[in-house]
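# Structure at a glance
One-letter residues, chain by chain:
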Amino acid sequence: MPENVIKVKSLVKKYGDFTAVNDISFNIKKGEVFAFLGPNGAGKTTTVEMMECLKSLTAGSINILGYDIKKDEIEIKRRIGVLPQDFGVSVFLTVYQNIDYFAQMYPKHVNVDSLIKMLGLEDKRDTLFMYLSGGLKQRVGIAISLVNDPEIIFLDEPTTGLDPKARRDVWNAIKDLKARGKTVVLTTHYMEEAQNLADRVCILHNGQIIAEGTSEDLISRYGGDKMLIIRKCSDKAKNELIKTIPEYTIDGDNVLVKLSGGDDMKIISKAASIIDTGKSTCEELYIKKATLEGVFLNLTGDKLTEGGK
Amino acid sequence: MSRISTDLKYSFIETFNDKTNIAIFFIFPTILFLLLGNVLGGLGSQLPNNTASGMNYFDFLLPGILAIFITMTGAQMAAGTIVNYRKSGVFRKLATTPISNMEWIAARIIMWTVLVLLSLAVAIFAAWLIMGIHPNINLISLLLMVAGTALFVGFGILVANFVKDEGAAFTVTMGTAFLLTLVSGTFIPVETMPWFLQYLTKISPLTYLSEGLRSSMITGNTGDAVTDLAIVAGLGILLFGVGTALFNWKED
Ligand SMILES: Nc1ncnc2c1ncn2[C@@H]1O[C@H](COP(=O)(O)OP(=O)(O)O)[C@@H](O)[C@H]1O
Ligand SMILES: [Mg+2]
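Source: prediction; values computed, not measured. (Residues numbered from 1 in each chain as written. Chains lettered and ligands numbered in written order. Predicted model: local features only at pLDDT ≥ 70, side-chain atom pairs only at ≥ 80, totals over all residues. Heavy atoms only, no water.)

## Topic: the coordination of the magnesium ion (ligand 2)
Rules: The donor set covers N, O and S atoms within 2.8 Å of the metal, switching to 3.2 Å for Na, K and Ca, and it leaves out water, so a site may look short of donors. Think of it this way: any DSSP run of H or I at least four residues long counts as a helix, any run of E at least two long counts as a strand, and we number them from the N terminus.
At 2.0 to 2.2 Å from the magnesium ion (ligand 2) lie its protein donor atoms, namely T45 of chain A (OG1) and Q85 of chain A (OE1). Separated by 40 residues along the polypeptide, T45 of chain A in helix α1 (residues 44–51) and Q85 of chain A in the loop between β6 (80–83) and α3 (95–103) bring together distant segments of the chain.

## Notes on the pattern of salt bridges
A side chain of one charge can pair with a side chain of the opposite charge when the charged atoms of the two come close. Spelled out, the test is: Whenever a carboxyl oxygen of Asp or Glu lies within 4 Å of a side-chain nitrogen of Lys or Arg, that contact is scored as a salt bridge. Burial classification: accessible surface area is computed with a 1.4 Å probe over protein chains only, and a residue below 20% of its type maximum counts as buried, one above 50% as exposed, and the rest as partly exposed.
Scanning the model with the defined rule gives 22 salt bridges over all chains in all. As a salt-bridge pair, E75 of chain A and R79 of chain A come within 2.9 Å of each other at their nearest N and O atoms. Of the two residues, E75 of chain A and R79 of chain A both sit in helix α2 (residues 73–79), 4 residues apart, roughly one turn of that helix. Take E75 of chain A: its relative accessible area is 22%, and that puts it in the partly exposed class. Note on R79 of chain A: relative accessible area 25%, which makes it partly exposed. E103 of chain B is the salt-bridge partner of R3 of chain B, the closest N and O atoms lying 3.1 Å from each other. A residue pair is termed long-range when its members are at least 10 positions apart, and R3 of chain B in helix α1 (residues 2–17) and E103 of chain B in helix α5 (residues 101–131) qualify at 100 residues. Via salt bridges that share partners, E32, R200 and E212 of chain A belong to a single interconnected network.

## Let's talk about the site of ligand 1
Residues and elements named next belong to chain A. Going by this rule: Summary of the distance rule: residues count as near a molecule or strand when at least one heavy atom falls within 4 Å of that molecule or strand. Polar contact criterion, stated in full: a pair of N or O atoms within 3.5 Å, where within protein one must be able to donate a hydrogen and the other to accept it, and residues adjacent in sequence count only if both atoms are side-chain atoms. Each accessible area is a Shrake-Rupley estimate made with a 1.4 Å probe; only the visible protein chains count as cover when residues are assessed. Three categories are distinguished: nonpolar for Ala, Val, Leu, Ile, Met, Phe, Trp, Tyr, Cys and Pro, charged for Asp, Glu, Lys and Arg, and polar for the others, with Gly belonging to the last.
Taken together, Y15, F18, A20, P39, N40, G41, A42, G43, K44, T45 and T46 make up all the residues around ligand 1. Taking Y15, its side chain carries an N or O atom lying 3.4 Å from a nitrogen atom of ligand 1. Contacts to ligand 1 include A42, whose backbone N or O atom sits 3.1 Å from an oxygen atom. Considered on its own, ligand 1 offers 550 Å² of accessible surface; in the complex 66% of this is hidden by protein. Element by element, the count of residues in the shell around ligand 1 is highest for α1, at 3 residues. Taken together, the residues that form the shell around ligand 1 break down as 5 nonpolar, 5 polar and 1 charged.

## Points about the packing of helix α9 (residues 205–219) of chain B against helix α10 (residues 222–246) of chain B
Describing two packed helices takes the angle between their axes plus the distance from one axis to the other. All names here are of chain B. Heads up, the rule is: Note on geometry: axes are lines fitted to C-alpha atoms, helical ones only across the stretch in contact, with angles between N-to-C directions running from 0 to 180 degrees. By definition, turning the near helix anticlockwise from the far helix through less than a right angle yields a left-handed crossing, and turning it clockwise yields a right-handed one. Working rule for contacts: check all heavy atoms of both residues, and any pair within 4.5 Å makes them a contact.
The geometry of α9 relative to α10 is characterised by a closest axis approach of 8 Å and an angle of 145° between their N-to-C directions. Crossing angle aside, the handedness with which α9 passes α10 is left-handed. Residues P205, Y208, L209, E211, G212, S215 and S216 of α9 touch α10, and the partners they reach there are D224, A225, D228, I231, V232 and L235. Here the residues of the contact of α9 with α10 are counted per class, giving 7 nonpolar, 3 polar and 3 charged.

## Here we look at the sheet that holds strand β9 (residues 200–205) of chain A
All names here are of chain A. Rules: When DSSP finds two or more bridges between a pair of strands, those strands are recorded as paired.
The strand order across the open sheet formed by 6 strands is β6-β7-β8-β3-β9-β10, and the pairing between neighbours is mixed. The open sheet has two edge strands with one neighbour each: β6 and β10 (208–213). Geometrically, the sheet is characterised by an average inter-axis angle of 15° between neighbouring strands, direction not taken into account. Across 5 bridges, strand β7 (residues 152–156) lies against strand β8 (residues 183–188) in parallel orientation. What sits directly across from D156, in β8, is T187. Packing of helix α5 (residues 134–145) onto the sheet brings it into contact with β6 and β7, and relative to β6 it is tilted by some 165°. Across the sheet, helix α6 (residues 164–179) touches β3 (33–37), β7 and β8, and the angle it forms with β8 is around 150°.

## Digging into the interface of chain B and chain A
Applicable threshold: When two components associate, each loses some accessible surface as probed by a 1.4 Å sphere; the sum of these losses over both components is called the buried area.
If you look at the interface, chain B gives 26 residues, while chain A gives 32 residues. Buried area between chain B and chain A, summed over both chains or domains, comes out near 2,500 Å², and the portion from carbon and sulfur atoms is 58%. Summed over the shared surface of chain B and chain A, the result is 1 salt bridge. Close ionic contact of E73 of chain A with K250 of chain B constitutes a salt bridge, the shortest N to O distance being 3.1 Å. Along the contact surface separating chain B from chain A lie 12 residue pairs in polar contact (both at pLDDT 80 or more). At the level of secondary structure, the elements contributing two or more residues to the side of chain B that touches chain A comprise α1, α4 (90–94) and α5 of chain B. For the side of chain B that touches chain A, the element with the most residues is α1 of chain B, which contributes 9 residues. Here the residues of the side of chain B that touches chain A are counted per class, giving 8 nonpolar, 7 polar and 11 charged.

## Remarks on the state of the cysteines
Residues and elements named next belong to chain A. Test applied: By convention in this document, the label disulfide applies to cysteine sulfur atom pairs within 2.5 Å.
Counted according to the given criterion, the structure contains 1 disulfide over all chains. One disulfide bridge connects C233 with C282, the sulfur atoms lying 2.5 Å from each other. Negative torsions about the S-S bond denote left-handed disulfides, and the value of about 110° found for C233 with C282 makes this one right-handed. With C233 in the loop between β11 (226–231) and α9 (235–244) and C282 in the loop between α10 (264–275) and β14 (284–288), the pair connects residues that are 49 residues apart, well separated along the chain. C282 matches C233 in its accessibility class, with the two residues each being buried. For the unlinked cysteine C53, the closest cysteine sulfur is that of C202, found at 20 Å. Take C202: its relative accessible area is 0%, and that puts it in the buried class.

What follows is the structure, given as structure tokens:
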């Protein structure tokens, strides 16, 4: 059993009267990729920024690598690497200069060119940061978060706003870190990202933890049902469908049906026959395997990707 | 110490990688001097011997322009950089590393002061080359330039604590510089101004900066210059202290 490198107890953060993080507790193990998954506004950034020494705690405690964050901030800062959400560096310095700048902030730091190589930035070594694409900027940010050879790396929404290719590059960089035995704390609102990268996922909603575990574990516990998705239905078809099918969720023009074994085939064929009758048509019908998206939907009634409220 | 020297090194590189800064620091003060010198020089010649020492209007103008430049660039650089770094998330990143906000501000104060002094040197060189003025650069005038820069950098840091974007920072620092310029006897000798403006003159730090520079560089009136230096340094410590005490890069 690997040791816990992060221990968080009864953590609370209030902004004025508003409670952004509402009494959460969790532990993160050495060498794992731990993902906070939740829609915008769930409290992911606030939670990780308290661990990154960026925000004060309203209540509760955080212990990182044996150091209490309220007493030993500087010891913690030396041992963690952080890619904050919407971070900035000097746009008028090159990739090399920016990484070197941050490297020199630490008493011990790794070789800058080896980091540049590790993140595949050799071609851009002497390009000003301002001329980089979003994906490259993000990779420079990850390189900078590694300058002190940290034991724990925090990545706050590392792939938000990136195109699929750039996202895959960042994913590979994260897998690389795990392979090197680093502990990675990740936040994301993309369920594929959590499912793909994380050993354990912690689902946040309105500042609270609503579920925590491995993806498979969460899916089999809370999202375990396959879904029948019938998309872009006419009103008439929708009415027919919901009359015939016992359990359903409506999402705009779409009808979602939980498949929980037993009657599955019956439900599918009924649905197929309804959308086949003359004008009451839908555009598409397919079966979706259970995902973390479904876990979130089941636990909150909200959709993950469209935002919380 | 190595964090401060690293920040110093890269802040200079950053500044000179941005070519507009070269215009601001080295061309602008020179142009300002030539322009004002020519426009106001003619006007000034109608007020001959307007001070006891009988210096000409260019002599009168140079220290004032240096003082205005210190006011504008000192305040604007400090406020603009801080607001920009806060907004673009540079502080957010820096705050996760071991450098403290006081180390950062210490490095930047050194760098802003050196930059201002460098550009003053260029302007003085231009004044000598084109107008044939040889101001007397001595310890007092140098100390006045440093104290004046610290004062207005402190003011800029103070402003940055209260404004949210660069536009507002620019408006506040430049607006203040403009107001101070009007009332500080830079272009118009104080004695020729109406009494209520003369009152504002007394409380404007720019007055003491430009008079101190004038006394030390042109008229050789060391006693007055030392008094002015004491006032500028005192105000500098005050503004600077308040500004940096309020300066915090965490976003709680
Ligand atoms: N500085 C702040 N002041 C007031 N409210 C804030 C502040 N930062 C975040 N919030 C609010 O706290 C909630 C959680 O925000 P955040 O932690 O950024 O969520 P996430 O990262 O999951 O999108 C949101 O409702 C947000 O509007
Ligand atoms: Mg966030």
